[in-house]
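Coordinate inspection notes
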Amino acid sequence: AGLKAMAVVSFPHTNTAPMGGRARSSRRCALIFVGVAVLLSLATDRGNREDFQHTQAFAAGPFGTLFSQTRNAGLVAKQSVADFKNPVRTVSDTISAFYSEYPSPPVLPMYRSFLVDFMTNTHLTIVDVRFKYDAVFALGAVTYYNGLMGSYDKLTGGIGASEKIFNAFCKALDMDPAQVTADAEAVRAYAKATPPGTILTHMEGTAAAADKRIADAFSGIGSSLYGTSFSIGLFTVMEGCGVDVNKENVEEWTKALKVTSSKATGDLATYKQNKNKLRMAEEMIREIEIREKKKLAERLEAKAKALAAKAAEKAAAAVA
């Protein structure tokens, strides 16, 4: 087809006289150039048709089907990710739930940051898949909260404000405040009534505590998440039965529980620091109370003197 196309190509010219050698050479080059262009055009058309046929064959074949399925799966996955809703509650959700449970009066600023920090840490512990609620955890949470908010009612001048905040705190974390309080009191009473040696045997598993809640807490902590609240609960048990809460004793008791001691000893340092801070805060609050009472007494005394002076003036005027 290319040779035929080359054969029919002609160039109009007005001069029919015989051409010289240079003219014949130029015409020959032009014909060759046109022929090559035609061949390239035909080859391109053929290549395009073959590419189209190959594309159709690929799409109809197994690889084309796989490619189509992969592309469709990618689109579905992208849509699924956009529609996915995380079932795990966020810290923001928990804090919002707390303020829904306790909308007013607002928590005092000097307590708010500590309370939110405690709530955040407890939230992160609870949403961990390894976490299992137990009575020792409850004792630790209650102990820490009471240490943090022990003087709150004195400052607010109200009765029961700290208890309302605790109830909102537990509900925001999907815990029953009545159960947490009851479990904490059960472990506290157990610690006071049980000798340290017996408690260690209960922790080791050679004997079981009579209260199933305590027995389950001791036996289950080795396979669940060991958090700060459990550490504080453990320290409270040690204090309750008369054991000095120091690094050596904590290592011994965590060994009996079959948990890593490094987490507990780290929590111990933080626990002691927080106790010192709370003690200093309580002393400061007492000083503020004494100062305010003194100022109030001075104001009352000044008011009484003013009233007495005014009464004396009235009496003197009546005599005159």
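Residues numbered from 1 in each chain as written. Predicted model: local features only at pLDDT ≥ 70, side-chain atom pairs only at ≥ 80, totals over all residues. Heavy atoms only, no water.

1. Looking at the overall build of the protein chain
Counting its secondary structure elements, the protein chain contains 14 helices and 0 strands. Counting all 320 residues of the protein chain, 29% fall into the buried class. Here the analysis covers contacts within the protein chain between residues at least 6 apart in sequence; of these, 69% occur between residues at least 24 apart. (Helix = DSSP H or I, 4+ residues; strand = E, 2+ residues; numbered from the N terminus. Buried < 20%, exposed > 50% of the residue type's maximum accessible area, 1.4 Å probe, protein only. Contact = heavy atoms within 4.5 Å.)

2. Some points on helix α11 (residues 212–220)
Turning to α11, its buried residues are Ile 214, Ala 215, Ala 217, Phe 218 and Gly 220. Looking at the buried positions of α11, the neighbouring elements they touch are α6 (135–149), α9 (177–193), α10 (196–204), α12 (228–240) and α13 (247–257).

3. A look at the layout of surface pockets
A volume near 590 Å³ is recorded for the largest pocket. Those elements giving two or more residues to the lining of the largest pocket turn out to be α5 (109–126), α6, α12 and α14 (261–319). In terms of residue class, the lining of the largest pocket is made up of 13 nonpolar, 11 polar and 4 charged. Per element, the largest residue contribution to the lining of the second largest pocket is 6 residues, and it comes from α14. Residues of the lining of the second largest pocket, tallied by class, amount to 4 nonpolar, 3 polar and 4 charged. (1 Å grid on protein atoms, 1.4 Å probe; cavity = no way out; pocket = protein on both sides within 12 Å on 5 of 7 lines; lining within 4 Å. Points joined across faces, edges and corners; volume = space filled by probe spheres on them. Nonpolar A, V, L, I, M, F, W, Y, C, P; charged D, E, K, R; others polar.)

4. Examining the nonpolar core
Phe 98, Ile 165, Phe 169, Met 203 and Trp 253 are the most contacted members of the largest nonpolar core, which has 63 residues in total. Per-element tally for this core: the top contributor is α6, with 10 residues. Beyond its immediate stretch of four places on either side in the chain, Phe 98 contacts Val 107, Leu 115, Met 119, Ile 165, Ala 168, Phe 169 and Ala 172. (Core = buried A, V, L, I, M, F, W, Y, C linked by side-chain atoms within 4.5 Å.)

5. Section: the packing of α9 against α11
The contact between α9 and α11 brings their axes to 10 Å, and the two run at 85°. The pairing of α9 with α11 is recorded here as roughly perpendicular in orientation. Residues Ala 182, Asp 183, Ala 186, Val 187 and Tyr 190 of α9 pack against Arg 213, Ile 214 and Phe 218 of α11. Residues that form the contact of α9 with α11 fall into these classes: 6 nonpolar, no polar and 2 charged. (Axes fitted to C-alpha atoms, helices over the stretch in contact; angles between N-to-C directions. Parallel < 35°, antiparallel > 145°, perpendicular 65-115°, else oblique.)

6. Concerning the packing of helix α4 (residues 91–101) against helix α8 (residues 161–172)
Taken N-terminus to C-terminus, the directions of α4 and α8 make an angle of 140°; their axes are 8 Å apart at the nearest point. Between α4 and α8, the crossing angle belongs to the class labelled oblique. As α4 runs across α8, the sense of the crossing is right-handed. Between α4 and α8, the residues in contact are Thr 94, Ala 97, Phe 98 and Glu 101 and Ile 165, Ala 168, Phe 169, Lys 171 and Ala 172, respectively. Taken together, the residues that form the contact of α4 with α8 break down as 6 nonpolar, 1 polar and 2 charged. (Left-handed = near helix turned anticlockwise from the far one by under 90°.)

7. Concerning the pattern of salt bridges
Close approach of charged atoms lets side chains of opposite charge pair. Applying the stated criterion to the full structure yields 8 salt bridges. Among the salt bridges present, the one from Asp 183 reaches Arg 213, with a minimum N-O distance of 3.0 Å. One end of the pair, Asp 183, is in helix α9; the other, Arg 213, is in helix α11, and 30 residues separate them in sequence. For Arg 213, a relative accessible area of 37% puts it in the partly exposed group. Note that Asp 267 and Lys 263 form a salt bridge whose closest N and O atoms lie 2.7 Å from each other. (Salt bridge = Lys/Arg side-chain N within 4 Å of Asp/Glu carboxyl O.)

8. A word on the packing of aromatic side chains
Within a pair of aromatic rings, the relevant descriptors are the distance that separates the centres and the angle that separates the planes. What the rule picks out here adds up to 13 aromatic pairs. With centroids separated by 5.0 Å and ring planes inclined at 15°, the aromatic side chains of Phe 118 and Phe 169 adopt a geometry described as stacked. Here the residue Phe 118 occupies a position in helix α5, and Phe 169 occupies one in helix α8, the gap between them amounting to 51 residues. On the basis of relative accessible area, Phe 169 is assigned to the buried category, the value being 0%. Ring centres of Phe 131 and Phe 137 lie 5.0 Å apart, and the angle between their planes is 65°; on these two criteria the pair is classed as edge-to-face. Phe 131 sits in the buried class, given a relative accessible area of 16%. What links up through ring pairs into an aromatic cluster is the set Phe 118, Tyr 144, Tyr 145, Phe 166 and Phe 169. (Phe/Tyr/Trp six-rings, centres within 6.5 Å; stacked < 30°, edge-to-face > 60°.)

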